[in-house]
2 protein chains.
Amino acid sequence: MSLKIALAQINFLVGNIAANVNNIIDAAVYARDQLNADIIVFPELAVTGYPAEDLLLRADFIAAANNAIYQLIDRVVGIALVLGFPEQDGDKLYNSAVVLHDGVILACYRKQALPNYGVFDEQRYFTAGSQPCVFEFNGTFIGLTICEDVWKSGIIAATQQAGAELLLTLNASPFNSGKIHQREAVICEQVKAAQIPLVYVNQVGGQDELIFDGASFVIDATGDIVFRAEEFKEQISVVEFNGNKPIKLACAPLYNEISSEYQALVLGIKDYVRKNGFKGAILGLSGGIDSALVLALAVDALGADKVEAILMPSRYTQNMSNEDAVLEAKILGVKYHTIPIEPAVNAFTDMLAEVFAGTTKDATEENIQARCRGVILMALSNKQGKLLLTTGNKSEMSVGYATLYGDMAGGFAPIKDVPKLLVYQLANYRNTLSDVIPVRVITRPPSAELAPDQVDADSLPPYEVLDPILERYVELDQSAETIIAAGFRHEDVARAISLVDRNEYKRRQSPPGIRITEKAFGRDRRYPITSGYKGI
Amino acid sequence: MSLKIALAQINFLVGNIAANVNNIIDAAVYARDQLNADIIVFPELAVTGYPAEDLLLRADFIAAANNAIYQLIDRVVGIALVLGFPEQDGDKLYNSAVVLHDGVILACYRKQALPNYGVFDEQRYFTAGSQPCVFEFNGTFIGLTICEDVWKSGIIAATQQAGAELLLTLNASPFNSGKIHQREAVICEQVKAAQIPLVYVNQVGGQDELIFDGASFVIDATGDIVFRAEEFKEQISVVEFNGNKPIKLACAPLYNEISSEYQALVLGIKDYVRKNGFKGAILGLSGGIDSALVLALAVDALGADKVEAILMPSRYTQNMSNEDAVLEAKILGVKYHTIPIEPAVNAFTDMLAEVFAGTTKDATEENIQARCRGVILMALSNKQGKLLLTTGNKSEMSVGYATLYGDMAGGFAPIKDVPKLLVYQLANYRNTLSDVIPVRVITRPPSAELAPDQVDADSLPPYEVLDPILERYVELDQSAETIIAAGFRHEDVARAISLVDRNEYKRRQSPPGIRITEKAFGRDRRYPITSGYKGI
């Protein structure tokens, strides 16, 4: 008995139920007519997009999502649709998967394992289901599971016990570096233990901080992956089953770590700009490595004609920096303007002279420079309707080596979750595709250029030391004691940790950025600002 | 049999376990020696402060909190200590209450009802307990419950069935306007139904967005409140029981709604400044009602010598505004400076002339003015180590009637959750205590003064219309349809809702502020920025 199952790896827009339903209809018609599919499987909560966050608390939104299912029941016949929606039942809400076929609801499954850690808040919205769900289709008994369900032990087994010969899994599984290997390993392991084939459909696309990487797949009962869709792209594919045995197809190759990170960043920028209706993006180009990388990412995401670079030299900007910034803009073919900040800095210096009389220079004067740049960039962003991209990296965000409302100004921070050493690696990687970042930008010592001859190493441990400390403290929640025991110097650990601890207030006001690690600043790491906790 | 129970309504510092333990010891000694108490009851999670958020995911932090309990066991003898801490058991964490007495752990209770809505994320951290807990003390059988437990039906009854004659409840129940009446009503109702007396101990103090209002109380078995501690103040009180019958004491009177809101705002500013170690506060004083109110609040919180006001007139600032701002500063006795912004605005205008050639004036030019003020205020804040208070109100935050990095710049936004009409009411209320806000500031039409003869009513519905719409849409999650059906004009509703929908990006970068309503922007309302949802 042959069964053709389509995997609808689609990029939905959170909150736009009407558009998502249209996408679902188009995909179902395509799968039926072009792929001869019997069943099409959509991602978790496809109707609303994922994560819809507190939109899920709005009665009108939930009503619209539930109405959409009733509208869809007989909208596309001749193919079964399996799709996720927030199911209202009395005063309870479930994260559900429904099977629609020729005007009938064949089955409805309620997600049992609701993640409430990391970036996930599902217990804020949903009640957990408690029953497996199996339905018969053309003689095959098919079980339904949703995302976290197949990461936990017990749920697959219970679904098998209820009669399932084949599992469909609807997912919204966000990317982080290396996650795909973990995801495939965990689920292959589960499948192997249970000896039941599984169809895994993931959504794709950027949604604020999160990137969904697609890479949907099919595993046979022995735990082998017999099909994989592409990463970071929309794709509707079909896999044929003989009974419950999938027929092997070509697997899309996996990107290596650095190229997957690069692709995630490109997709994140592209979707933030597109989904929020910006006309393009602008950024401040300093001649440093961070803005050079963000420029390359933005051009790869949006095209050179949609990106504009602004050079804003001060008296502390070296000629080398200006030359390199101009070179970057020219190589990538983006429009650029040079607006020296001196007139505004001088104006503020004069205006503040009286109240600052008798004080000594400190970070205040450096911040004024950075904030003059922020004002210029925001003025251009406002005037042109273009998104201002902030160029700060994760190392800076961690230790607060950035000026609030200055270089931190902007609507989106693409490399906010990229540690400095990885910024270099990504720049080198991009240059292997084509030379876009001048070598000197990569090799010169990093500097904020806010004071004479300033370099980052004046006030921070070298990034080769700082980045691994930050990874341990911020991402892995290790204690100072543990980090020092791993071989780091007490003074470096103390400096790094105390800076992380006291800069939560800056991070709280930073723009959202793309999550590529296991723990990003944002929804993922929720620290109090007012805190007596001292990590060291 | 007499039993004296002390209620320790204390202001803890989140994250500072050592300081919190010292507070606990001091309070226990005081209660034993000065109040002759047999038992002292502390708030929920007293050892860590509440909410400690993701500090609860740090192994070192949890270990320190658990060690603190072992250190406390025999630290104060001759009195039983009932206190909250995050109890580690294997890989599980519980929100627990422990009873320590003369070197022995008499009981340990694990909270059963873990709130995971609104500002609460307890299921992110804790596993729910499943058992009631009753211990005998001097012949009385005492049951333990924690906060949400006594809002749910069933837990009190189960604790009674386990033998409890008297309940102790440890709480961290945040303030919002009117909450105290709801809290007392709900719990009196529960107590009345169960006919069991209850001792309710709440923490007090400001913690980022949240205010804990204290107002701890004791209810007898008939549901009557026989004692209430003060609102918004630290207080250690004692109530004597004959068996399980509390002896009636004086109840602190409750503030009326407007004065409780005012007190909450004062406490919020005071604790944010104190707990974060600022030397004082500064703010921009415009002559408008919002900054006038924030100035009064800041002075009431910190004292006039700790507050500094900055006047930053532009060509659009009316003389009246400057006069009133000076008057406000003088009446309250705060230092003020006047720094006209024209030189910086002119500098930016010149710098941008080339790139802006051929464009027409729009909000960009208004934003530049607001951002010049932001640069000046941040420079003063940086130089002096004083907290910059942002003066925007909830109506503005809702509709985005504010400039990011401009008037939104600052570390703390005291009236961020105060709708404009309530700003007026609070200003009038403050004037009933002493005349500090000139009448003209209250009666003149509100204006941002960023363009000639500009008033808010040019671009927004009148606040008498706007504020109720916003309350329905933002706080009550009502649909446009529902709001229009309640009698509001379609165009006003459409204007308000579309502004709320598209200004999430601004709110995401706004400073934290004090929550006084049932739903504040911040941890309380988690909306996606990228969203296709249109409320109308």
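Details of the structure are given in the entry above.
What comes next concerns the included structure. What you are looking at is a predicted structure, and each value in this text was computed from that prediction instead of being measured. (Residues numbered from 1 in each chain as written. Chains lettered and ligands numbered in written order. Predicted model: local features only at pLDDT ≥ 70, side-chain atom pairs only at ≥ 80, totals over all residues. Heavy atoms only, no water.)

Let's talk about the interface of chain B and chain A
Facing 79 residues of chain B, the contacting portion of chain A comprises 79 residues. Interface area, chain B with chain A, both sides summed: about 6900 Å², of which 57% is carbon and sulfur. Interface area lost by chain B to chain A is led by B:Arg58, B:Lys383 and B:Thr530, which between them contribute 12%. The interface formed by chain B and chain A contains 10 salt bridges. The closest approach of N and O atoms between B:Lys383 and A:Glu365, which form a salt bridge, is 2.8 Å. Taken together, the links from chain B to chain A amount to 46 residue pairs in polar contact (both at pLDDT 80 or more). For the side of chain B that touches chain A, the elements supplying multiple residues, two or more each, are α2 (59-72), α3 (122-125), α6 (257-275), α9 (342-356) and α10 (363-384) of chain B. (Contact = heavy atoms within 4.5 Å. Buried area = accessible area lost by both parts, 1.4 Å probe. Salt bridge = Lys/Arg side-chain N within 4 Å of Asp/Glu carboxyl O. Polar contact = N/O pair within 3.5 Å; in protein donor to acceptor, adjacent residues only side chain to side chain. Helix = DSSP H or I, 4+ residues; strand = E, 2+ residues; numbered from the N terminus.)

Quick look at helix α9 (residues 342-356) of chain A
At A:Asp350, α9(A) is deflected by roughly 30°, the largest bend along its length. Buried residues of α9(A): A:Ala344, A:Val345, A:Ala347, A:Phe348, A:Met351, A:Leu352 and A:Phe356, and no others. Next to the buried residues of α9(A) lie α10 (363-384) of chain A together with α9 and α10 of chain B. (Bend = angle between axes of the 7 residues up to and from the residue. Buried < 20%, exposed > 50% of the residue type's maximum accessible area, 1.4 Å probe, protein only.)

So, the sheet that holds strand β19 (residues 387-388) of chain A
Two pairing modes exist for strands in a sheet, parallel and antiparallel, and in both the strands are linked by backbone hydrogen bonds. Residue and element names in this part refer to chain A. Taking strand neighbours across the sheet as the criterion, the 4 strands line up as β18-β17-β16-β19 in an open arrangement whose pairing is parallel. At either end of the open sheet lies a strand with only one pairing partner, and these are β18 (335-338) and β19. Where strand β16 (residues 281-284) meets β19, 2 bridges bridge the pair, whose relative direction is parallel. Of the residues in β19, the one forming a bridge with Ala281 is Leu387. Against the sheet, α10 contacts β16, β17 (307-311) and β19, and its axis sits at roughly 170° relative to β16. (Pairing = 2+ DSSP bridges. Axes fitted to C-alpha atoms, helices over the stretch in contact; angles between N-to-C directions.)

Focus on the pattern of salt bridges
Scanning the entire structure with this criterion turns up 70 salt bridges over all chains. The partner of A:Asp271 in a salt bridge is A:Lys275, with the nearest N and O atoms 3.7 Å apart. Of this pair, A:Asp271 and A:Lys275 both sit in helix α6 (residues 257-275), 4 residues apart, roughly one helical turn. Comparing A:Asp271 with A:Lys275, the two get one shared label, buried. Residues B:Glu308 and B:Lys386 are paired through a salt bridge, measuring 2.9 Å at the closest nitrogen-oxygen approach. Taken together, the positions of B:Glu308 in strand β17 (residues 307-311) and B:Lys386 in the loop between α10 and β19 (387-388) put the pair 78 residues apart, joining distant regions of the chain. A network of salt bridges, in which partner residues are shared, links A:Asp208, B:Glu504, B:Arg507, B:Arg508 and B:Arg525.

The quantities given are spatial measurements derived from coordinates; they are silent on function.
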